[in-house]
Amino acid sequence: MTVAPERPASLVGARVRRVNDPRLLRGEGRYVDDVHVAGMVHATIVRSPIAHGVLRTFDASACGALLALGPDEIAAATRPLQCVWLAEGQRQTEVLLGDRRVRYVGQPVGVVVALSRAAAEDAAELIELDYDELPTVADQEQALRDGAPLLQPEWGTNVAADFRVGDDAETVEAAMARAARVVERRLVIPRIVPSPMETRGVVASWDANLRELTVWSSTQTPHHVRDHLATSLRLSADQVRVIAPDLGGGFGSKEHLYPDEVMVSLASMRLGRPVKWIEDRVEHFTATMHARDAVHYARLGMDEDGRFVAIASDVIGNLGAHPSNVGTGPFRISGSMLPGPYRFSSAGVRVRGVLTNTTPTGAYRGFGMQEAAWVRERLVDEAARELGVDPVELRLMNMVREDELPHTTPTLQDYDSGDYVEGLSMLRDMVSKREVPSDANPRIRRGVGYGSQVEFTGLGPSPVQKIVGFHLGGFETGVVRVDPDGSVVVSSGVMGMGQGIETTLAQIAADKLGVPLEKVRVTLGDTKVAPYSASGSIASRSMTVGGGAVTRASIALSDKMRRIAAHQMEADAGDVELVDGVFRVKGVPSTGVAFGDVAASTWLGWDLPPGEEAGLEVKDMHEPANISYSYSSHAAAVAVDLDTGKVHIEGYWVTHDSGTVINPMIVDGQVMGGVAQGIGIALYEKMTYGEAAQPTTTSFLDYLVPLSGDVPDLVIGHTEHPAPHIPGGMKGAGEGGTIPAPATVANAVAAAVPEIAGKVLETPLSPGRMWELLHEAGLHDRL
């Protein structure tokens, strides 16, 4: 006899294990490198070894490859890739393929195809390349100086865009003049390398008879890739099919189409054979876009009681060699979200996006909000230090209260719902219960730091996208179908990339339809099948926007089945309930009609109420009325070794609010992973360049990421304030763990060693950097 496990009263809010985990844990995942097509050959990308110059010679006549395409052939066969987020007055809006002017190490200039990857790499080494080198600049502030090498000489400057967010300069300066105290600092988050477990990769297969291109891609945005690939290769959208199999992480770095991926697809069209290219890890450090790399000259103004008056920053952002797909977007969002959870009468930011001879920067988990939190939360702690007050009390006094929501910030963010004071107060109570280590080593200093943030999630609505120059639709479509056998299929244009969306969408559909979770199958990632999604899975929008569509579609489908069942039982639909898979009249359990029988008869078109259509499939297009705003507060307890500079995190606490939580286990996992990435940025991660803009960080031997021992057990608390304008009330949960983490750790370090607090202004706080700060403060010599 089999005893079925007790099912929660509602699947929304249930700690359900992820439905695709068993397959992945058995090693049955299918990633791009697992795709094998008959006749498939392999490509390698020819990349520039110099950071700035002109490619004079590309001679592949002696390489012996099946195919070698150089810059001229590539340029003639393709259209440029268009940037989708354009700032006001942005000087460059597209990326040329096959450009002989190279501007960073790793820029793709050709593609070589052979029977194996090794043979392709050997052939690439036989290609004769000759460059005329030009002067380089890797640092954005140096790129602003007179006489700096120009990446686009016709501009006469390296500034690709210069604009403001929030209040104008005159308004900000007037507010700062009224402030009794102004805290001013230069704060930096350096260049970061997204490091998903799976690097980028594509398999492209051109069918000359059907004139169709099928591309398996490790991407977060299948439709976006399809649209741009079709345009670049001069095909119609219906000639291109993009399939995203299992995705081994993305974190934003896989949100668009790259030039090298177009080159591989072009190679398949030229050869008439499937071509595979998998990025190796060394390539990843220069070929996949980087992130962060922003300098903020920031100010926080307060009145005589410590109440915040104004916040401002002059942001100098490093775009790299050209604007990426999202261009200055991360720097813009840093400005938009700079006020955080606090009240300000004025907030304004100047943003300059600057070209340098480095890999382009773009989207990465936190998308500008981590930089905003770093700047704001360090300024708040510095203000508390100067005032001699408790930094938590200073935060609580200045937070927007629950009864003040909705609230519009000076940077035009319409905060929807929540209780920021509740979250921080709850966090402080959690931290107060910690056990403080009892060792009395005078060379170990301990401290606790805090950080709070409000997070922009659920990218949309589309009209707002137009206003800010973001050429992507903000809507999502959900399709929910009950098949004749009673099974349920959910289809969406968002992508699974480890965030558990396959499970949470299934939970929503199962809950609204009243069926067991195992009866629901979710299909994603195939542009031939999935409904159109311009944005895909970026900006913590999969559950908020995609889940909203599935919520409404599931409710509509449930209502239809209830109407049909009521008709078949000659009852009123309002009197019908679904219990244990049977529709029945409330209070009359002896009669009813099975869920599966209603499904079967509806697909036959039998016994339907007048005006009711046959079939059980509902399509819902969800255009969110507004952004939804998650929020979180973090605390970290650290121990600093004054002799080595090593920072050890002894405890970490988070309170988090992402509206209605569909699956607490999955949200906890998102928070944990985000904190781990934030700790990496706080203590370890930094991409560096040396002489002639040559990358000096090219592997995990010198680009350090946190290990399991670097991340303590987390204590996580949740509050729930549903988004009032999102069906189901969900808010994004993907980035609240990472956004305030670097600032939180830095604030803890500053609390532990107040002698260096005023110089804790840049990440990472590595042992080497900490040793320098401790040495400058004379702490190495004190006993």
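See the structure shown above.
Everything numeric here is computed off the predicted structure, so don't read it as measured data. (Residues numbered from 1 in each chain as written. Predicted model: local features only at pLDDT ≥ 70, side-chain atom pairs only at ≥ 80, totals over all residues. Heavy atoms only, no water.)

Visitor: Just checking my understanding: could you explain the packing of aromatic side chains for this structure?
Guide: The geometry of an aromatic ring pair is captured by the separation of the ring centres together with the interplanar angle, meaning the angle of the planes. Scanning the entire structure with this criterion turns up 11 aromatic pairs. Aromatic side chains Y415 and Y629 sit 5.1 Å apart centroid to centroid with 55 degrees between the ring planes, which places their arrangement in the tilted category. Within this pair, whereas Y415 is found in strand β19 (residues 414-415), its partner Y629 is found in strand β28 (residues 628-641), the two being separated by 214 residues in sequence. Residue classification places Y415 among the buried positions, given a relative accessible area of 0%. Of the residues examined, Y629 reaches a relative accessible area of 1% and is grouped as buried. Pairing F583 with F595 gives two aromatic rings, centres 6.0 Å apart and planes at 15 degrees, and the pair type is stacked. With F583 in strand β25 (residues 582-585) and F595 in helix α16 (residues 595-604), the pair connects residues that are 12 residues apart, well separated along the chain. Since its relative accessible area comes to 6%, F595 is described here as buried. One aromatic cluster in this structure is built from Y415, Y420, F456, Y629 and Y631. Between the NZ or CZ atom of R200 and the centre of the ring of Y258, over which it lies, the distance is 3.7 Å. (Phe/Tyr/Trp six-rings, centres within 6.5 Å; stacked < 30°, edge-to-face > 60°. Helix = DSSP H or I, 4+ residues; strand = E, 2+ residues; numbered from the N terminus. Buried < 20%, exposed > 50% of the residue type's maximum accessible area, 1.4 Å probe, protein only. Lys NZ or Arg CZ within 6 Å of the ring centre and 35° of its normal.)

Visitor: Help me out: how do you make sense of the nonpolar core in this one?
Guide: Within soluble globular proteins, side chains that are nonpolar generally end up buried alongside one another. One finds L300, M337, Y652 and L683 to be the most contacted residues of the largest nonpolar core, which totals 111 residues. Take this core: its biggest share by element is 9 residues, from helix α10 (residues 369-387). In terms of nonpolar packing, the next biggest core, distinct from the first, is built from 41 residues, I501, L524, M543 and M561 among them. (Core = buried A, V, L, I, M, F, W, Y, C linked by side-chain atoms within 4.5 Å.)

Visitor: Sorry, what's going on with the pairing of strand β16 (residues 308-320) here?
Guide: On a regular strand, one side chain projects to one face of the sheet and the next to the other, so that they alternate. Summarising burial for β16: 12 of the 13 residues are buried, a large majority. Pairing of strand β15 (residues 291-302) with β16, which is carried by 9 bridges, proceeds in the antiparallel orientation. Bridged to V295 within β16 is I316. Hairpin connection of β15 to β16: 5 residues between the antiparallel strands, including G306 at a positive phi of 90 degrees. For the handedness criterion, the β-α-β arrangement of β16, helix α9 (residues 329-336) and strand β17 (residues 346-355) is classed as right-handed. (Pairing = 2+ DSSP bridges. Right-handed = clockwise from strand over helix to strand, strands pointing away.)

Visitor: Got a minute to help me understand the environment of F367 in this structure?
Guide: Examined against the element boundaries, F367 turns out to sit in the loop between β17 and α10. Residue F367 is classed as buried on the basis of its relative accessible area, which comes to 16%. Residues F367 and R332 lie 35 residues apart in sequence; the distance between their C-alpha atoms is 9.5 Å. Apart from residues no more than four positions distant in its own chain, F367 is found in contact with W85, R292, V326, G329, P330, I333 and E735. (Contact = heavy atoms within 4.5 Å.)

Visitor: I tried to follow the packing of α10 against helix α18 (residues 741-752) on my own but got confused; where do I start?
Guide: Packed helix pairs are specified by the crossing angle of their axes together with the interaxial distance, meaning the distance between the axes. Packing of α10 against α18 leaves a shortest axis separation of 8 Å and a crossing angle of 25 degrees. Between α10 and α18, the crossing angle belongs to the class labelled roughly parallel. Considering only the axes of α10 and α18, their crossing is right-handed. Contacts between α10 and α18 involve Q370, A373, W374, E377, R378 and D381 on the former and, on the latter, P742, A743, A746, N747 and A750. Class assignment for the residues of the contact of α10 with α18 results in 6 nonpolar, 2 polar and 3 charged. (Axes fitted to C-alpha atoms, helices over the stretch in contact; angles between N-to-C directions. Parallel < 35°, antiparallel > 145°, perpendicular 65-115°, else oblique. Left-handed = near helix turned anticlockwise from the far one by under 90°. Nonpolar A, V, L, I, M, F, W, Y, C, P; charged D, E, K, R; others polar.)

Visitor: Hey, could you run me through α9 in this one?
Guide: Since the α-helix packs 3.6 residues into each turn, any two residues three or four apart lie on the same face. Most of α9 is tucked away, with 8 of its 8 residues classed as buried. Along α9, the residues classified as buried are G329, P330, F331, R332, I333, S334, G335 and S336. Tucked into the core, α9 has its buried residues touching β9 (159-166), β15, β16, β17, α10 and β20 (444-457).

Visitor: Would you mind going over the sheet that holds strand β13 (residues 240-243) with me for this structure?
Guide: Sheet strands pair via backbone hydrogen bonds, and the direction of the pair is either parallel or antiparallel. Strand order in the open sheet formed by 7 strands is β3-β7-β1-β14-β11-β12-β13, with mixed pairing between adjacent strands. Each edge of the open sheet is held by one strand with a lone partner, namely β3 (67-69) and β13. For this sheet the average axis-to-axis angle between neighbouring strands, irrespective of direction, equals 20 degrees. Two elements, β3 and strand β7 (residues 108-114), share 3 bridges in a ladder whose sense is antiparallel. Each residue of the ladder has a partner; that of A68, found in β7, is V112.

Visitor: Explanation requested: the sheet that holds strand β2 (residues 53-59) in the structure shown.
Guide: Across the sheet, which stays open at both edges, the 3 strands sit in the order β6-β2-β8 with antiparallel pairing between neighbours. Looking at which strands have only one partner, the edges of the open sheet turn out to be β6 (101-102) and β8 (128-133). As defined by bridge partners, β2 adjoins β6 across 2 bridges and the pair is classed as antiparallel. Note on β6: the bridge partner recorded for V54 is R101.

Visitor: I keep staring at the environment of D597 and nothing clicks. Help me out?
Guide: Mapping D597 onto the fold places it in helix α16. Sequence separation of D597 and H775 is 178 residues, and the distance between their C-alpha atoms is 77 Å.

Visitor: I tried to follow the packing of helix α17 (residues 664-683) against α18 on my own but got confused; where do I start?
Guide: Relative to each other, α17 and α18 sit at 55 degrees, their axes nearing to 7 Å. Comparing their axes, α18 and α17 come out oblique. Read as a crossing pair, α17 and α18 show a hand that is right-handed. When α17 is examined against α18, the residues V675, G678, I679, I681, A682 and L683 are found in contact with a partner set consisting of A741, P742 and V745. Grouping the constituent residues of the contact of α17 with α18 by class yields 8 nonpolar, 1 polar and no charged.

Geometric descriptors of this kind do not, in isolation, establish any biological role.
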